[in-house]
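# Chain and residue survey
These are the residues of each chain, in order.
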Amino acid sequence: RQGCDFIERTSVFVDLGLLPKFDRDTIPYSTKKQLPLLGGAFLDKNNVVIPIRHVVSNDIVGKQIIYPDGRKKFEKGTKKAGAGAYIGEPSDVLYLCESWSTGCTVHLSTKKQVLFCLDAKTLVQTSKLLKHQNIVVAADNDEEGIRAAKATGLAYAVPEEEGLD
C-alpha cells in the first residue's frame, strides 16, 4: 500500500479479480472523489443517495441522488426549504455548505460537524433555523456562493481560487 493512491490500489484489486471491473462511467461518484459515504449516504447500484432531513424536526423530506458522472438530482417531491444532511457528530463549530462532497471534505479536514444545505438558494433560509452558537459557512468561491454566505450574516470562508468549492 505504500507509494500508491486509492485508485491505483483499486485497479490492482480489479486486475487480480478481487473487485468487480467497473466501466469508468459507472464508478460511483464517492469512489471517484475518494470520499466515504457520510451523512447517511449509501450506494444504490452505482449512485450515491443522500437522505435529506428537515433540520428542526429531523423528518426525512426527500433524497439527493448523485450519479457516477457527477450529475445531481433531488428525488421528486423533496422539500428543500430548511432541509439538509448532517455529517459528523455535534461539535463546537458547525459548518454549513452547499454540496455533499464539500461537506464530506470539510468534515474530514476539520473533524467538525457539517450541514450540507442542498444549494446556495436554501443555505440562507436553513441557516436561520439553526440554534448552534458557532456557525461558519464553507462557501463556494463563486458569485452565488459568496452572495449566499454574506446573506446569512455569519462568518464564512471560501477557497482562495475562484470557482472552487
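Data block above holds the structure.
Scope of this entry: the structure provided in the associated data block. Since this is a predicted model, take the numbers as computed values, not measurements.

This brings us to the overall build of the chain. Within the chain, the secondary structure is distributed over five helices and nine strands. Relative to the 2.2 N^0.38 estimate, which gives 15 Å for 165 residues, the radius of gyration of the chain is 17 Å and therefore close to what a compact globule would have. Overall, the C-alpha framework of the chain stretches about 55 × 35 × 30 Å when taken along its three principal axes. When burial is assessed residue by residue, the chain has 41% of its 165 residues classed as buried. Once local pairs closer than 6 in sequence are excluded, the contacts in the chain between residues at least 24 apart make up 47%. Here the chain displays about 9,700 Å² of accessible surface, and carbon together with sulfur accounts for 52% of that area. Treating the 22 positive side-chain charges of the chain as one cloud and the 21 negative ones as another, the clouds have centres 6 Å apart.

Another point: the packing of aromatic side chains. In the structure shown here, the tally under the stated rule is zero aromatic pairs. Above the ring of Tyr67, the side-chain terminus of Arg71 is found at 4.3 Å from the ring centroid.

By secondary structure assignment, the location of Leu129 is in the loop between helix 4 (120-128) and strand 8 (135-138). Leu129 gets classed as partly exposed once you look at its relative accessible area, which sits at 33%. Leu129 has contacts with His54, Val55, Val56 and Gly82, leaving out every residue within four places of it along the chain.

Okay, the nonpolar core next. Within the largest apolar cluster, 22 residues are counted, with the highest numbers of intra-cluster contacts made by Val48, Ile50, Ile52, Trp100 and Phe116. Elements with a minimum of two residues in this core: strand 2 (47-54), strand 3 (60-66), strand 5 (83-87), strand 6 (94-97), helix 3 (100-110), strand 7 (113-116) and strand 8. When residues no more than four places from it in sequence are discounted, the contact partners of Val48 are Tyr29, Ser30, Leu37, Ala41, Phe42, Leu43, Gln64, Ile65, Ile66 and Trp100. Counting residues in hydrophobic clusters, the runner-up holds eleven residues, among them Val55, Leu96, Leu130 and Ala149.

A few words on unusual backbone geometry. Even without being glycine, Asn58 reaches a positive phi, approximately 70°. Residue placement: Asn58 occurs in the loop between strand 2 and strand 3. For Asn58, a relative accessible area of 45% corresponds to the partly exposed category. In this structure, Lys111 takes a positive phi of about 65° despite not being glycine. Inspection of the secondary structure assignment puts Lys111 in the loop between helix 3 and strand 7.

What follows concerns helix 3. Listing the buried residues of helix 3 in full gives Trp100, Ser101, Thr102, Gly103, Cys104, Val106 and His107. After helix 3 finishes, the residue Lys111 shows a positive phi value of roughly 65°.

It is worth spelling out the pattern of salt bridges at this point. Evaluated as defined, the whole model comprises five salt bridges. Glu144 is paired through a salt bridge with Lys121; the nearest N and O atoms lie 3.3 Å apart. With a gap of 23 residues between them, Glu144 in helix 5 (residues 143-152) and Lys121 in helix 4 connect regions that are remote in the sequence. A salt bridge links Glu143 to Arg147; its shortest N-O distance comes to 3.2 Å. Taken as a pair, Glu143 and Arg147 lie in helix 5 at a separation of four residues, close to a single helical turn.

Classification of Glu144 by relative accessible area gives partly exposed; the value is 36%. In this structure Glu144 touches Ala120 and Lys121, once residues within four positions along its chain are discounted.

Scoring rules and cut-offs
Residues numbered from 1 in each chain as written. Predicted model: local features only at pLDDT ≥ 70, side-chain atom pairs only at ≥ 80, totals over all residues. Heavy atoms only, no water. Helix = DSSP H or I, 4+ residues; strand = E, 2+ residues; numbered from the N terminus. Rg over C-alpha atoms; globule rule 2.2 N^0.38 Å. Buried < 20%, exposed > 50% of the residue type's maximum accessible area, 1.4 Å probe, protein only. Contact = heavy atoms within 4.5 Å. Areas by Shrake-Rupley, 256 points an atom, 1.4 Å probe, with all protein chains shown as cover. Lys, Arg positive; Asp, Glu negative; His and termini not counted. Charge placed at Lys NZ, Arg CZ, Asp CG, Glu CD. Phe/Tyr/Trp six-rings, centres within 6.5 Å; stacked < 30°, edge-to-face > 60°. Lys NZ or Arg CZ within 6 Å of the ring centre and 35° of its normal. Core = buried A, V, L, I, M, F, W, Y, C linked by side-chain atoms within 4.5 Å. Salt bridge = Lys/Arg side-chain N within 4 Å of Asp/Glu carboxyl O.

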